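Descriptive analysis of the structure
For reference, the chains in residue letters:
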Amino acid sequence: MEQGYILINKRDNVVTLLRDFEKGERISVSELGIEFALLDNVEFGHKVAIRVIRNGEKVIKYGEAIGSSTKDILPGEHVHIQNTASDRGRGDQ
């Protein structure tokens, strides 16, 4: 069975989904020994937290920080504009 996600770097605190997932579906990140249920419906190509990401903590993808959380993000939660901010500058500020 296809795992349905890609973990790009073992330092990452998110995975990228390779298909649409529905709330309640389980993901097992076997290479890290992590398993969780999705807390949201999440579309293909979007990110999901694989561990708790605390408010203000860096969101890590590709082994690098891609932004910071703007609230606590739980494992299985959709990681997107509703709970992250870019560290590379914003056009509105």
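Summary of the structure given here. (Residues numbered from 1 in each chain as written. Predicted model: local features only at pLDDT ≥ 70, side-chain atom pairs only at ≥ 80, totals over all residues. Heavy atoms only, no water.)

Section: the side chain of Lys 47
Relative to the elements of secondary structure, Lys 47 occurs in strand S5 (residues 47–49). Buried Lys 47, no salt bridge; nearest opposite-charge side chain is Asp 12, N-O distance 11 Å. Setting aside chain neighbours within four positions, we find Lys 47 in contact with Val 14, Val 15, Thr 16, Val 42, Lys 61, Ile 66, Glu 77, His 78 and Val 79. (Helix = DSSP H or I, 4+ residues; strand = E, 2+ residues; numbered from the N terminus. Buried < 20%, exposed > 50% of the residue type's maximum accessible area, 1.4 Å probe, protein only. Lys, Arg positive; Asp, Glu negative; His and termini not counted. Salt bridge = Lys/Arg side-chain N within 4 Å of Asp/Glu carboxyl O. Contact = heavy atoms within 4.5 Å.)

Thoughts on the pairing of strand S2 (residues 14–17)
Residues Val 14 and Thr 16 point to one face of S2 and Val 15 and Leu 17 to the other, with burial holding for every one of them. Judged from the two bridges that link them, strand S1 (residues 5–6) and S2 form a sheet pairing that is antiparallel. Residue pairing for S2: Ile 6 is matched across the bridge by Thr 16. Sheet topology places S2 next to S5; three bridges connect them, and they run antiparallel. Bridge pairing in S5 places Val 14 opposite Ala 49. (Pairing = 2+ DSSP bridges.)

A closer look at the packing of aromatic side chains
Tallied over the entire structure, the rule returns zero aromatic pairs. Across the ring face of Phe 21, the terminal group of Arg 19 is positioned such that the distance to the ring centre comes to 3.8 Å. (Phe/Tyr/Trp six-rings, centres within 6.5 Å; stacked < 30°, edge-to-face > 60°. Lys NZ or Arg CZ within 6 Å of the ring centre and 35° of its normal.)

Regarding the pairing of strand S3 (residues 26–29)
Judged by which residues are buried, S3 turns out to be one-sided: Ile 27 and Val 29 face inward and are buried, whereas Arg 26 and Ser 28, on the alternate face, are not. For S3 and strand S4 (residues 34–37), the ladder comprises four bridges, and the chain directions are antiparallel. Opposite Ile 27, over in S4, you have Phe 36 as the bridge partner. Between the antiparallel neighbours S3 and S4 lie four residues, among them Gly 33 with a positive phi of about 70°.

Remember, this is a structural readout, not a statement about activity or role.
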